[in-house]
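Here is what each chain is made of, one letter per residue.
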Amino acid sequence: MIKKFLSFLFIFLSAAVLAGPTVRELEKRVRLLEEKAETLRGKDPDFADWIKEQASIHHSYRKAYQYDLVHAPDEAPMILDEWQTLLERMEQEWEIFHDMPDLEARGLVNVREFGAKADGENDDVPAIQKAIDFAVKNAKGGIFLPRGRYLLNRRKGWRAPTLRFHNIKNFKMKGEEGTVLVMNSPKTPHFDIRNCENLRFENFHITSLKPVYSTGVVIGHTKDDKGVIYRHDGGLSPLDPEITKSEMNFFRVSDAKLAEDGKTPLLYTGPRHLRRRILLFQDSVKHLKNDEYIAYPNHSRLWPLAPGEKTADVYKKGLRLINYARNHSGLFQLDHADRCRWKRISMERIGGVVIKGYLSDATFITDCVVSAAPEEKLAVATCADFFYVRMPSLGGFISRNVVKNLGDDFFNIHSAVTPVLHQEGKRIYIPTQIWGAELRSKHIRHIDIVPNLGKKLVNTQKRFKVLSVEKVKIKHSSTYFDPQQARAEGISYARFRALGERKISTIQKEPVDVTVLKLELDRDPGALQCAEPFITRDEYAMIRDAKKMDLVHFPDLYGQGLVISNNYFADCIGRCWIMGSGSLLRNNTFNIRMERGLFGTWNSFLNNWAEAFFPRIVTYEGNKFRLPQDDTTFFLSQTKYDPGNPATWMRHFYLTDNMFLFDLTSPYYGVKGTLSRPALLDARGIADLEITNNTFLLSRPQGETRFLLKDISGKISNNQFLGQWKGDKIISNVQVESE
């Protein structure tokens, strides 16, 4: 036993000595970068703060490396590799930010000179677009909008943008106190930003002529138990086209009781079938009389009633239904747009995501406000998500913002996975496109091979270096499920996904040339299950669970280095998804009226392959949370992994120096058919979980379970628990240092 220990100690010390210079060199580069960032504070304080806040991310990388060096030596080099990648990118960013021009010194074009009326009655889109195009053509610094109400009529056509910013670099759109942009419709997008760099939006207010929601309280049910009768008391008419013709027409629910301000629902909660979930209806809201309406729930396979349960049992009297005009595009829609900024912008009445980015790096959002319009009767659903980003290679800086009254998530940052189409040893072929835009091959340095086993998906952490990426053409002679044929047969996408068995057929077609990416890996991954014959982009989500195939995850496209700090988040209908690998949530205040409001999943993808969650290092530090005490705060049990193989577990999750106050109670607490609170934190499948120096205050007099743990290793220590707690529930396979 002693010999084994000495042998292990020798190996450990030898590895530490060999790796020591590398770690010291990285730490030296961190200090140098921080010093250089301070030299830009006078010119760009937000960039300097971004670098300063990243100190906690570097500290997490250091801890993660030290942990893996002992417990998972094969994983440790990946940590150093990720850490070094972040430093390389940030050193490049310093050079870029250092050389950014003074845009206002170049002159800003006044939109009034191009015919903008700013009277709130005439459409100012043509004039503003002319000003934008003129400024770009003549190398001006941007455009200026003097105070006034600029009416912006949305263009006709599905997702047609209002204003276009295409192929623009170093440009500012600036207003002043009293500058208001009024959209004739809350439907998004309004600002289409493609292939741009260093676009800045400053000092104006955005609103819409119409709110984005309709709401009412359940007052009864039809005699046949198929319809829910409710009294409309806020927002648009339930039959307004902004509601009925939105991309997703659904209800969310809340308690009818309002918070202290008399406008915000006390809790977004409800019975089992309604809680947090999108509740689909059959396009069937009908006017009954006066302000009363009937809605007919669609009890599909996705959200069925329990055996013997009636509609009246689920949609109880007093429950508030919130139907809002959800659209999937962003008010600001980014596509390959780097270093874009929003500063001192206030926004309300947005029928989609506020800022939605795709393959867009280093996004800055500072000193902005998102909230319900003051004239709204109820402060709900002023937009969908606040910040939704897919596959950025470098994160950004979100700080000092006030974000309230959202109809969905605060933020959602994720990577992507795609099937392996074909394999030739260590050469693999993958689609060039994921959700309509080409991958930035220059940022693909690594891939993870993830086996797709349908509901048994696990992440084996098989990481490979990518030696080269090349576009090539191959013959594609067949396809799987044909969406056009399905539509011709009256089979909708939603219907297809709801089918119990996703039966697919291979359709032979004439061979055509298809452009794919050929990746040369550093070693042969072994025989992979490939998607041969090749599937098309339109078929990704269609056959996700219908055919077993290996998937490729892109760890380099996960927003590394993202800092979300010093913000106030409140009154959201959705959640806060766990962020990308190597990111930080620090010194924020959350007033969460949503059960399971801090929600995480990893080693997983959602219902489509373009939304994948495989973070390695996530840090929550110094935040303050006010939460309901009826349900789990961090709900992590959706993660999919192999309990017997720690290599498939989430790697590093750090929860330090936070304060949690539990003092909101739903009237549904303890009611049969609702989900009672199992624990403060339900965590499963985490290799390095650290919960240290936090304070947990429970206002309810009876005790509650603190932690529910399964397949966990790490440390839980120096936490304060105020109130009556029952202790922890250890299920199995837990090895933690505890207080």
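First, a word on what this report is: a plain description of the structure on this page.

1. So, the layout of surface pockets
Approximately 490 Å³ is the volume found for the second largest pocket. Looking at the second largest pocket, it is lined by 20 residues, and the ones nearest its centre are Tyr67, His71, Ala687, Ser713 and Gly714. Elements with a minimum of two residues in the lining of the second largest pocket: helix 3 (55-71), strand 44 (650-656), strand 46 (681-692), strand 48 (704-717) and strand 50 (725-738). Take the lining of the second largest pocket: its biggest share by element is five residues, from helix 3. When grouped by side-chain class, the residues that make up the lining of the second largest pocket number eight nonpolar, six polar and six charged.

2. Side note on the packing of helix 3 against helix 4 (residues 76-98)
Contact geometry of helix 3 with helix 4 gives a least axis separation of 8 Å together with a crossing angle of 160°. On the basis of the axis angle, helix 3 is roughly antiparallel to helix 4. Crossing angle aside, the handedness with which helix 3 passes helix 4 is left-handed. Contact residues: Ile57, His58, Tyr61, Arg62, Ala64, Tyr65, Asp68 and Leu69 in helix 3; Ala76, Ile79, Leu80, Glu82, Trp83, Leu86 and Leu87 in helix 4. Broken down by class, the residue content of the contact of helix 3 with helix 4 amounts to 11 nonpolar, one polar and three charged.

3. What to know about the pairing of strand 7 (residues 179-183)
Burial runs high along strand 7: five of the five residues are buried. Along strand 7, one buried face is formed by Thr179, Leu181 and Met183 and the opposite face, lined by Val180 and Val182, is buried too. As defined by bridge partners, strand 4 (residues 148-152) adjoins strand 7 across five bridges and the pair is classed as parallel. Considered in strand 7, the bridge of Gly148 is made with Thr179. Strand direction decides the pairing type here: strand 7 and strand 8 (residues 191-208), joined by four bridges, are parallel. Paired with Val182 across the two strands is Thr207, which belongs to strand 8.

The rules we used
- Residues numbered from 1 in each chain as written.
- Predicted model: local features only at pLDDT ≥ 70, side-chain atom pairs only at ≥ 80, totals over all residues.
- Heavy atoms only, no water.
- 1 Å grid on protein atoms, 1.4 Å probe; cavity = no way out; pocket = protein on both sides within 12 Å on 5 of 7 lines; lining within 4 Å.
- Points joined across faces, edges and corners; volume = space filled by probe spheres on them.
- Helix = DSSP H or I, 4+ residues; strand = E, 2+ residues; numbered from the N terminus.
- Nonpolar A, V, L, I, M, F, W, Y, C, P; charged D, E, K, R; others polar.
- Axes fitted to C-alpha atoms, helices over the stretch in contact; angles between N-to-C directions.
- Parallel < 35°, antiparallel > 145°, perpendicular 65-115°, else oblique.
- Left-handed = near helix turned anticlockwise from the far one by under 90°.
- Contact = heavy atoms within 4.5 Å.
- Buried < 20%, exposed > 50% of the residue type's maximum accessible area, 1.4 Å probe, protein only.
- Pairing = 2+ DSSP bridges.

Everything listed here is a matter of coordinates, which is why it stays silent on function.
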